[in-house]
Amino acid sequence: MAAPHPRTFTLTEAEAAAIQSMQLARQTGIARKGPMLRYTSLAAPVIAAVIIWAVDLLWYDGAMSMSLFVTLLAVFVGGMMFQTAGYWLNLQAARKRMLHTTQQVFEPRTVRFVPEGIEVSIPTAATLQKWPGVKDIEMKNGMILVWAGNLLPVSVPLRAFSSEEEAETFLAECRRQMAEAAD
Amino acid sequence: MPNLQTIKAPLKFMIPMDGKPQIFMSANHAEANRRTGEFHMVDLDIADARGLGEPPQLDREGFELVACPSAVTDFYDESQITGLYYDECVALLKLRTGASDVHIFDHTLRVQDEATRQKHGTRLPVPVVHNDYTEKSAPQRVKDLLEPEKAEKFLSGRFAMVNVWRSFGKSAEAYPLAAADARTVPQEDFIAVDIVYPDRTGEIYQNAHSEAQRWYWFSGMKPEEAMLLKCYDTADDGRTRFTAHTGFENPSAPPGTPPRESIEVRTLLSFT
């Protein structure tokens, strides 16, 4: 298969924001925790109440005062809220850091195949993503994304191709090279 | 430096400046990376570390020489590097450092000869005194490169970043690697520099020169030897955390000395 021609394009704000949030999700593991994390958060106050109720039954023979019960529950829930707030703040800090270090994503870029991998260049810098480092290739949000670890992926919007066939050729070539490098 | 063979050679240092310097990465192998900021050459005595009574150690000076023949027959063959050499480096680092987990995330071939460089798409040796990671960028690399669970493991305890450097050509003498004894380089000599790629901005240190610095190289490095270089360590107990190093033109290399061909493998080490 002949290597597809170089593609030159500029990511839109929406495309850049989409890949930045995908990268952040990969780095924080949120994407994979998904529903489990949400259900656990919702269930936590109920679980805390059950634990305190069990303590009431086993330790106080069901005679724990309401004020102690409420205090313990408040401590549990408050602790969890504190943890959640800490997690949220960490996430915001990571997001801010990531936005700062990926500002150049808005610059016009050229993506081209070279024998060792995919070369990406912007007016001020360039890099080569070697095939053995590519871990994952996907088509998502109207873009072809070539991932190496949790770094911002090599991203080519489908609109950068003149036809659907051309985009398919590009995708197929990426997958072929990745598979070949993995053998 | 009594009783040590030394050579006098100029090394390229950064001059501290206002504002943060930048390096713009080049993917064109014929070109060096573009750097902002001012640099100056300092003529230094670079001692042959083979003559040291006690060989340098990774945790003390920041570098060490190890005898470790490789089964790789062609370092330009990517499949031999990732399929064989990586495993050899993992085994070597576990043995030398006691790390419980070693993750290799990158390697770079550096070649002086332009025709060979073009043919194999390799990079030029780095002619500026630097260290590959900073206090900020080292933990970020862990997040960039590892799965969240593994990153958590690395970040929860002591981790380090070590380069395995090997000359695989006919000779390393024309453009060898020099490293400073980490105990002689104060933290003020490490200048944080942005390193700009098309998709992210990383950070490395470039170094200023100061009088106390003591510089070393290993003469006559053979392909059966490798130099380990500590580029980061979370341990703050007196062990080396950063090691200033650079390639340099060796004025004592006889005319006709073959150009340098080397490989450096970049690794993350967990001690948890």
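Residues numbered from 1 in each chain as written. Chains lettered and ligands numbered in written order. Predicted model: local features only at pLDDT ≥ 70, side-chain atom pairs only at ≥ 80, totals over all residues.

Re the sheet that holds strand E7 (residues 154-157) of chain A
Residue and element names in this part refer to chain A. The condition is simple: Only when DSSP finds a minimum of two bridges between them are two strands counted as paired. Secondary structure elements follow DSSP: runs of H or I no shorter than four residues count as helices, runs of E no shorter than two count as strands, and numbering proceeds from the N terminus. Lines fitted to C-alpha atoms define the axes, with helix axes restricted to the stretch in contact, and inter-axis angles between N-to-C directions lie between 0 and 180 degrees.
Strand order in this open sheet of three strands is E5-E6-E7, and the pairing throughout is antiparallel. In the strand order of this sheet, the two ends are held by strand E5 (136-140) and E7, each with one partner. Taken pair by pair, the neighbouring strands of this sheet meet at an average axis angle of 15 degrees, ignoring direction. As defined by bridge partners, strand E6 (residues 143-147) adjoins E7 across four bridges and the pair is classed as antiparallel. Within the sheet, the bridge partner assigned to Met-143 lies in E7 and is Pro-157.

Examining the domain arrangement of chain A
Accessible area lost upon the coming together of the parts serves often as the stated size of an interface. Our working definition: Where each domain starts and ends comes from a domain assignment, either automatic or drawn from a database.
We note that the domain assignment places domain 1 (24-101) and domain 2 (105-182) within chain A. Taken over C-alpha atoms, the centre of domain 1 of chain A sits 40 Å from the centre of domain 2 of chain A.

A closer look at the packing of helix H3 (residues 137-145) of chain B against helix H4 (residues 148-156) of chain B
The axes of two packed helices give the description: the angle between them and the distance between them. Residues and elements named next belong to chain B. Here is the rule: Comment on the angle field: the value is read as roughly parallel under 35 degrees, roughly antiparallel over 145, roughly perpendicular from 65 to 115, and oblique elsewhere. A crossing counts as left-handed when the near helix is turned anticlockwise from the far one by less than a right angle, and as right-handed when that turn is clockwise. Two residues qualify as a contact pair if the distance between their C-beta atoms, derived from the backbone, is within 7 Å. Under the scheme applied here, ten amino acids are nonpolar (Ala, Val, Leu, Ile, Met, Phe, Trp, Tyr, Cys and Pro), four are charged (Asp, Glu, Lys and Arg), and all others, including Gly, are polar.
Running from N to C, H3 and H4 cross one another at 155 degrees; their axes reach a closest spacing of 8 Å. Regarding the angle of H3 to H4, the classification is roughly antiparallel. Crossing hand, H3 versus H4: right-handed. Mapping the contact onto sequence places Pro-139, Val-142 and Lys-143 in H3 and Ala-151, Phe-154 and Leu-155 in H4. Of the residues in the contact of H3 with H4, the class split is five nonpolar, no polar and one charged.

What to know about the environment of Ala208(B)
Residues and elements named next belong to chain B. Examined against the element boundaries, Ala-208 turns out to sit in the loop between strand E11 (201-207) and strand E12 (215-217). A sequence separation of 193 residues divides Ala-208 from Ile-15, and the C-alpha atoms of the two residues are 5.9 Å apart. Ala-208 has contacts with Phe-13, Met-14, Ile-15, Pro-16, Asp-189 and Ile-191, leaving out every residue within four places of it along the chain.

With respect to the nonpolar core
Under the convention used in this document: As used here, a nonpolar core is made of buried Ala, Val, Leu, Ile, Met, Phe, Trp, Tyr and Cys residues. They are joined through C-beta atoms within 7 Å. Buried, partly exposed and exposed are defined by the number of other C-beta atoms within 10 Å of a residue's own C-beta, namely 20 or more, between the two limits, and 12 or fewer respectively, with C-beta atoms placed from the backbone.
Ranked by size, the top nonpolar core spans 99 residues in total, and within it Val162(B) and Ala178(B) carry the most contacts. Not counting residues up to four positions away in its chain, the partners in contact with Ala178(B) are Leu11(B), Ile46(B), Trp215(B), Tyr216(B), Trp217(B), His245(B), Thr246(B) and Phe248(B).

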